[in-house]
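Letter by letter, the chains look like this.
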Amino acid sequence: VVPLRRKLCAQQRAQPGYDPAAPGAVHPLKLVIMSATLRTSDFVDNARLFPKPPPVIEVPARQFPVTVHFARRTELHDYV
């Protein structure tokens, strides 16, 4: 999707009278992923997603331990 959007945007910009504010104008896709538990290497090192590694901005924050709790059986009544 990203290469296709980039190509469409370049084609539109090459046309005379290009107006980026016009309805239907295609802009390059920009993606921001935010997660407290995401391993950035899973995305950055994936060549299928990003042929050229994208910039990564890390914001230092407090980290708290995570404990996973689950039930061996899910009650079927009033599940939601």
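Data block above holds the structure.
Residues numbered from 1 in each chain as written. Predicted model: local features only at pLDDT ≥ 70, side-chain atom pairs only at ≥ 80, totals over all residues. Heavy atoms only, no water.

Draft legend 1. Examining the overall build of the chain more closely. A count of helices and strands for the chain gives 2 helices and 0 strands. Relative to the compact-globule value of 12 Å for 80 residues, the chain shows a C-alpha radius of gyration of 21 Å, a clear excess of over 25%. Each of the three principal axes of the chain carries a C-alpha extent, and together these read 65 × 35 × 25 Å. Taken over 80 residues, the chain has a buried fraction of 4%. Accessible surface, the chain as shown: approximately 8,400 Å² in total, 58% of it carbon and sulfur. The average position of the 11 basic charges and that of the 6 acidic charges among the side chains of the chain differ by 9 Å. (Helix = DSSP H or I, 4+ residues; strand = E, 2+ residues; numbered from the N terminus. Rg over C-alpha atoms; globule rule 2.2 N^0.38 Å. Buried < 20%, exposed > 50% of the residue type's maximum accessible area, 1.4 Å probe, protein only. Areas by Shrake-Rupley, 256 points an atom, 1.4 Å probe, with all protein chains shown as cover. Lys, Arg positive; Asp, Glu negative; His and termini not counted. Charge placed at Lys NZ, Arg CZ, Asp CG, Glu CD.)

Draft legend 2. Spotlight on the layout of surface pockets. Volume-wise, the largest pocket comes out at about 1,400 Å³. Around the largest pocket sit 35 residues that line it, and I33, T40, P55, V56 and I57 are the ones nearest its centre. Secondary structure elements with two or more residues in the lining of the largest pocket: α1 (2–14) and α2 (40–44). Of the residues assigned to the lining of the largest pocket, the class counts are 25 nonpolar, 4 polar and 6 charged. (1 Å grid on protein atoms, 1.4 Å probe; cavity = no way out; pocket = protein on both sides within 12 Å on 5 of 7 lines; lining within 4 Å. Points joined across faces, edges and corners; volume = space filled by probe spheres on them. Nonpolar A, V, L, I, M, F, W, Y, C, P; charged D, E, K, R; others polar.)

Draft legend 3. The arrangement of the environment of T40 in detail. Structurally, T40 can be placed in helix α2. Considering only alpha carbons, one finds T40 and I57, 17 residues apart in sequence, at a separation of 9.9 Å.

Draft legend 4. Broad picture of the pattern of salt bridges. Counted by the stated rule, this structure contains 1 salt bridge. We note a salt bridge from D42 to R39, for which the minimum N-O separation is 3.1 Å. Among the residues examined, D42 registers a relative accessible area of 40% and is labelled partly exposed. Of the residues examined, R39 reaches a relative accessible area of 56% and is grouped as exposed. (Salt bridge = Lys/Arg side-chain N within 4 Å of Asp/Glu carboxyl O.)

Draft legend 5. Representation of a nonpolar patch on the surface. Nonpolar side chains collect at one region of the surface, where V1, V2 and L29 lie side by side and expose about 260 Å² of accessible area between them. Overall, the relative accessible area of 31% leaves V2 in the partly exposed class. (Patch = residues over 30% accessible without salt bridge, like charges linked within 9 Å, V, L, I, M, F, W, Y side chains within 5 Å.)

Draft legend 6. Looking closely at the environment of A25. Position of A25 among the secondary structure elements: in the loop between α1 and α2. When the C-alpha atoms of A25 and L8 are compared, they prove to be 9.3 Å apart, with 17 residues separating the residues in sequence. A25 has contacts with Q12, D19 and P20, leaving out every residue within four places of it along the chain. (Contact = heavy atoms within 4.5 Å.)

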